[in-house]
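In case you want the letters, here they are:
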Amino acid sequence: MRSLDLLSVAAQAESLRWRREASGAAQRLVWRAAAAGFALAAVVFLHVAGWIALAEAQGPMVAALGIAAVDLALAGALLLAGRRRTDVVALEAMHVRQLALARVTGAGMAQEGLLLLGWRVPAMAIGAMLVEQAIKAARRR
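On a predicted model such as this, the values are computed, not experimentally measured, just so you know. (Residues numbered from 1 in each chain as written. Predicted model: local features only at pLDDT ≥ 70, side-chain atom pairs only at ≥ 80, totals over all residues. Heavy atoms only, no water.)

S.K.: Would you explain the overall build of the chain in this entry?
M.R.: In terms of helices and strands, the chain carries five helices and zero strands. Beginning at the N terminus, the succession of helices and strands in the chain can be written as α-α-α-α-α. Counting across all 141 residues of the chain, residues that qualify as buried make up 23%. Taking the intrachain contacts of the chain between residues at least 6 apart in sequence as the baseline, contacts between residues at least 24 apart amount to 74%. Element-wise, carbon and sulfur atoms account for 69% of the exposed surface of the chain, whose accessible area totals about 9,800 Å². (Helix = DSSP H or I, 4+ residues; strand = E, 2+ residues; numbered from the N terminus. Buried < 20%, exposed > 50% of the residue type's maximum accessible area, 1.4 Å probe, protein only. Contact = heavy atoms within 4.5 Å. Areas by Shrake-Rupley, 256 points an atom, 1.4 Å probe, with all protein chains shown as cover.)

Here it is as structure tokens:
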């Protein structure tokens with residue numbers, strides 16, 4: 001493949017990876033907001049209704065402990081539902097980007113590792129490769 005085609009593949013893979021990671025972060029935020037909403041609703045509704053029902057039957061101390069246990073169980077279940085999961089598609093897109101960038105520069109395994117360590121911002125790595133390709137093209141003329 002030509003260098004510009006490889007750069008295009010790398011850019012598309014990076015774009016896919018960022019979209020997938022942003023989507024995962026948004027989903028985690030929604031789950032956490034839902035957990036907070038249910039925890040607040042539990043505090044309001046269960047405290048009032050539970051307090052009235054349990055205080056009459058068992059006394060105020062048992063009523064308070066029962067309400068607190070139910071609130072903690074609901075909040076814990078929702079936080080578990082919103083935990084971070086590994087996105088296989090995002091990891092594969094990052095791998096494709098790394099391979100494409102390595103092929104553009106003609107890097108071997110050792111140089112690929114240096115590329116990953118030395119260029120923390122992908123846009124900088126792509127820009128450097130474009131400049132390098134332009135210099136090579138100018139020398140050929």
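On we go from here.
S.K.: Got a minute to help me understand the nonpolar core in this structure?
M.R.: Nonpolar side chains in soluble globular proteins generally cluster together in the buried interior. Grouped together as the largest cluster of nonpolar side chains are six residues: Leu6, Leu7, Ala10, Ala100, Leu101 and Val104. For this core, the secondary structure elements donating two or more residues are helix 1 (3-57) and helix 3 (88-105). (Core = buried A, V, L, I, M, F, W, Y, C linked by side-chain atoms within 4.5 Å.)

S.K.: Any chance you could explain helix 2 (residues 60-81) here in plain terms?
M.R.: With 22 residues, helix 2 should reach 32 Å at 1.5 Å per residue; the first-to-last C-alpha distance of 32 Å fits that figure. Of the positions making up helix 2, those classed as buried are Ala63, Ile67, Asp71 and Leu78. The buried side chains of helix 2 occupy one side of the element, clustering within an arc of 55° when seen end-on. Every exposed residue of helix 2 that faces more than 90 degrees away from the buried side is listed here: Met61, Leu65, Leu72, Leu79 and Leu80. Residues of helix 2 that are buried make contact with helix 1. (Expected span 1.5 Å × (residues − 1). Arc of directions from axis to C-beta.)

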